[in-house]
Amino acid sequence: MKRTLIKGCSILTMREGELPFVGDLLIEGERIAEIGPAIEPKQPVDEVITGVGMVAMPGLINAHNHASMSLLRAFSDDLKLMDWLDKKMLPAEGRMTPEDVYWGTMLGAAEMIASGTTSFADMYVHMNQVAQAVQDSGMRASLTRGVVFLEDDGGKRMTEALHLIDTWSGAANGRISTMLGPHAPYTCPPQPLSEIIDLARSRQIPIHIHLAETVEEVEKIRNRYNQTPTQYLYELGMFTDNHVLLAHAVHLSTEDVRLLRRMRGGVSHNPVSNLKLGCGIAPVRDMLEQGITVGLGTDGAGSATTLDMFAEIKAATWLQKLQHGDPTLLPAEQVLRMATIESAKLLQIDHEVGTLEAGKKADLILINLNKPHMQPVHDLHALIAYSATGADVDTTIVNGEILMKNRQFTHISWEELRREATMRAARLVEGL
Ligand SMILES: N[C@@H](CCSC[C@H]1O[C@@H](n2cnc3c(=O)[nH]cnc32)[C@H](O)[C@@H]1O)C(=O)O
Ligand SMILES: [Zn+2]
């Protein structure tokens with residue numbers, strides 16, 4: 001078993017109310033063996049990392065992504081969501097081969113590792129290749145095959161969704177978990193959606209779905225069913241005993257928020273994507289007041305452009321402060337918890353990761369403070385939440401494996417990845 005000792009760093013455990021302290025961190029195999037002011041290992045260690053001038057904190061957890069859409073980064077911007085999706089994304093995605101999805105996911109994984117994200121929730125197609133990329137990149141992920149019911153596909157999408165769950169749950173040394181992914185209220189009619197909900201309940205499979213992202217969606221569902229999107233899911237029984245990961249939840253009425261009050265799971269708030277697509281501001285304060293778990297995600301780079309979770313951290317807290325004219329909302333420590341342990345709850349991995357504690361899996365990052373914008377050091381939570389960016393992450397560790405050190409990838413060959421991504425991306429968008 002490999003032993004790694006990180007010495008002399010400032011440690012943010014992200015356990016509620018715990019103050020930062022300077023100390024050491026011992027990793028044994030996949031797990032954190034010890035955290036403390038000065039560790040004297042009883043057995044020899046294989047590697048010592050000098051953490052002086054660094055902050056150690058839990059790896060960030062991106063609760064909503066379509067990693068392979070990184071191939072479509074900065075290809076189609078400044079459009080309305082439905083135009084962007086129908087005219088640009090879906091045609092380009094229609095050309096994606098399984099190999100494209102593999103390399104697109106690797107590109108997303110590389111960006112996430114380089115910006116301090118250690119786990120993500122993904123909804124996409126060609127999920128064998130997404131899972132393979134998760135395995136090869138060393139990341140942790142909760143995967144789902146997005147299922148839409150726009151034309152009769154003879155059950156192909158559902159078959160693939162179940163294949164993913166049956167084949168990949170627990171794979172890659174337990175780094176891969178799975179969910180069922182009905183895409184959104186507007187792409188899933190009542191009959192097949194209620195079948196998915198019942199299946200999820202009977203097999204205890206969590207659900208990952210987009211909800212109430214735009215005003216257009218609310219109008220569409222109102223016209224079809226005379227309900228809000230949230231009521232639509234609620235009436236079909238989605239929140240009865242199922243663990244549900246809701247992406248966006250921007251347009252919720254007061255009554256909608258109340259309906260979600262006792263839900264298992266919670267909401268991935270994706271503020272950068274919502275800002276950029278002009279969708280609106282999710283009622284984060286109100287959801288938190290009702291005890292709903294809110295984590296943070298980016299959505300795909302096709303819309304968000306970047307998978308840097310530090311951008312989401314800032315946008316999330318700024319938007320609540322602005323919307324309510326109250327700078328005390330979502331203070332630094334709370335928004336950092338949303339990006340770590342609260343997101344972990346949404347992926348049902350909070351017993352293993354999301355805080356730094358002895359016995360948990362070693363998913364952590366080291367952030368370099370030796371930079372002008374990271375000095376001086378007063379309040380570490382505020383410094384990380386309000387000044388750090390993904391580029392300040394020096395070292396990324398998942399499941400005890402170092403995936404990036406001194407900003408150099410250890411598992412990913414960047415030259416090969418860049419070549420593959422460039423070539424494939426050009427083909428996907430040609431003529432669109
Ligand atoms: N289109 C696939 C199934 C869905 S996978 C997940 C889908 O979500 C789409 N997507 C990405 N971001 C968003 C968003 O913000 N809202 C709605 N859909 C999105 C993405 O383009 C992808 O098509 C099929 O036909 O089988
Ligand atoms: Zn999405």
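Keep in mind that what you see is a predicted model, and the values were worked out from it rather than measured.

**Description of unusual backbone geometry**
Glutamine 375 connects to proline 376 through a cis peptide bond whose omega is -10°. With respect to the secondary-structure elements, proline 376 resides in the loop between strand E15 (364-368) and helix H15 (380-386). Residue leucine 330 is not a glycine yet carries a positive backbone phi of 40°. With respect to the element layout, leucine 330 can be found in the loop between helix H13 (309-324) and helix H14 (332-346). Despite not being glycine, asparagine 399 shows a phi value in the positive range, around 55°. Mapped onto the elements of the fold, asparagine 399 is located in the loop between strand E16 (393-398) and strand E17 (401-405). In this structure asparagine 399 comes out as buried when scored by relative accessible area, which is 5%.

**Regarding the site of ligand 1**
Around ligand 1, 20 residues are found, and the nearest of them are Glu93, Arg145, Arg157, Glu213 and Asp299. Take arginine 145: an N or O atom from its side chain is 2.7 Å from an oxygen atom of ligand 1. If ligand 1 stood free it would expose 550 Å²; the protein chains cover 93% of that surface. Contributing elements (two or more residues each) for the shell around ligand 1: helix H1 (81-94), strand E7 (117-124) and strand E8 (140-147). The greatest single-element share of the shell around ligand 1, amounting to 5 residues, is contributed by H1.

**Concerning the nonpolar core**
Counting residues in each nonpolar core, the largest one holds 110 residues, and the members touching the most others are Leu246, Met287 and Ile384. The element contributing the most residues to this core is helix H2 (residues 98-114), with 10 residues. Those residues within four positions of methionine 287 in sequence are excluded, and the remaining contacts are Ala249, Leu252, Val257, Val267, Ala282, Ile292 and Val294. Judged by nonpolar contacts, the second largest core, of 15 residues, contains Cys9, Met54, Leu356 and Ile402.

**What about the UniProt feature "domain: Amidohydrolase-related" (unreviewed entry) in the protein chain?**
Using the residue numbers shown here, the UniProt feature "domain: Amidohydrolase-related" (unreviewed entry) corresponds to residues 56-402. Helix makes up 44% of residues 56-402 and strand 18%, and the two end C-alpha atoms of the span are 14 Å apart.

**Remarks on the coordination of the zinc ion (ligand 2)**
Donor atoms from the polypeptide that bind the zinc ion (ligand 2) are His64 (NE2), His66 (NE2), His210 (NE2) and Asp299 (OD), placed at 2.1 to 2.3 Å. Coordination at the zinc ion (ligand 2) is irregular: its 4 donor atoms span angles of 82 to 172° at the metal. Owing to a relative accessible area of 0%, histidine 64 belongs among the buried residues under this scheme.

**Re the pattern of salt bridges**
Evaluated as defined, the whole model comprises 31 salt bridges. Across the salt bridge formed by arginine 15 and glutamate 357, the nearest N and O atoms sit 3.7 Å from each other. With arginine 15 in the loop between strand E1 (3-11) and strand E2 (21-28) and glutamate 357 in the loop between H14 and E15, the pair connects residues that are 342 residues apart, well separated along the chain. You can call arginine 15 partly exposed: its relative accessible area is 38%. Given a relative accessible area of 23%, glutamate 357 falls into the partly exposed group. Residue glutamate 342 is joined to arginine 337 by a salt bridge in which the shortest nitrogen-to-oxygen separation is 3.6 Å. Take glutamate 342 and arginine 337: they sit in the same class, and that class is buried. Salt bridges sharing common partners tie together Arg15, Glu18, Glu357 and Lys360.

**Topic: the UniProt feature "binding site: Zn(2+)" (unreviewed entry) in the protein chain**
UniProt's entry tags His64, His66, His210 and Asp299 with the feature "binding site: Zn(2+)" (unreviewed entry), counted in the numbering of this structure. In three dimensions, the annotated residues from a span of 236 residues occupy one location, with a maximal C-alpha spread of 11.9 Å. Within the secondary structure, histidine 64 sits in strand E6 (residues 60-65). Discounting chain neighbours no more than four positions away, the residues touching histidine 64 are Ala121, His208, His210, Ala247, His248, Ser268, Asn270, Gly297, Thr298 and Asp299. Within the structure, the side chain of histidine 64 is placed 3.3 Å from the side chain of histidine 66, a separation counted as a polar contact. Mapped onto the fold, aspartate 299 is located in the loop between strand E14 (293-296) and helix H12 (301-304).

Reading guide: rules and limits
Residues numbered from 1 in each chain as written. Chains lettered and ligands numbered in written order. Predicted model: local features only at pLDDT ≥ 70, side-chain atom pairs only at ≥ 80, totals over all residues. Heavy atoms only, no water. Helix = DSSP H or I, 4+ residues; strand = E, 2+ residues; numbered from the N terminus. Buried < 20%, exposed > 50% of the residue type's maximum accessible area, 1.4 Å probe, protein only. Near = heavy atom within 4 Å. Polar contact = N/O pair within 3.5 Å; in protein donor to acceptor, adjacent residues only side chain to side chain. Areas by Shrake-Rupley, 256 points an atom, 1.4 Å probe, with all protein chains shown as cover. Core = buried A, V, L, I, M, F, W, Y, C linked by side-chain atoms within 4.5 Å. Contact = heavy atoms within 4.5 Å. UniProt positions renumbered as here; feature names shortened; annotations may be inferred. Donors = N, O, S within 2.8 Å, 3.2 Å for Na, K, Ca; no water. Tetrahedral: all angles 85-135°; square planar, octahedral: opposite > 155°, others 65-115°. Salt bridge = Lys/Arg side-chain N within 4 Å of Asp/Glu carboxyl O.

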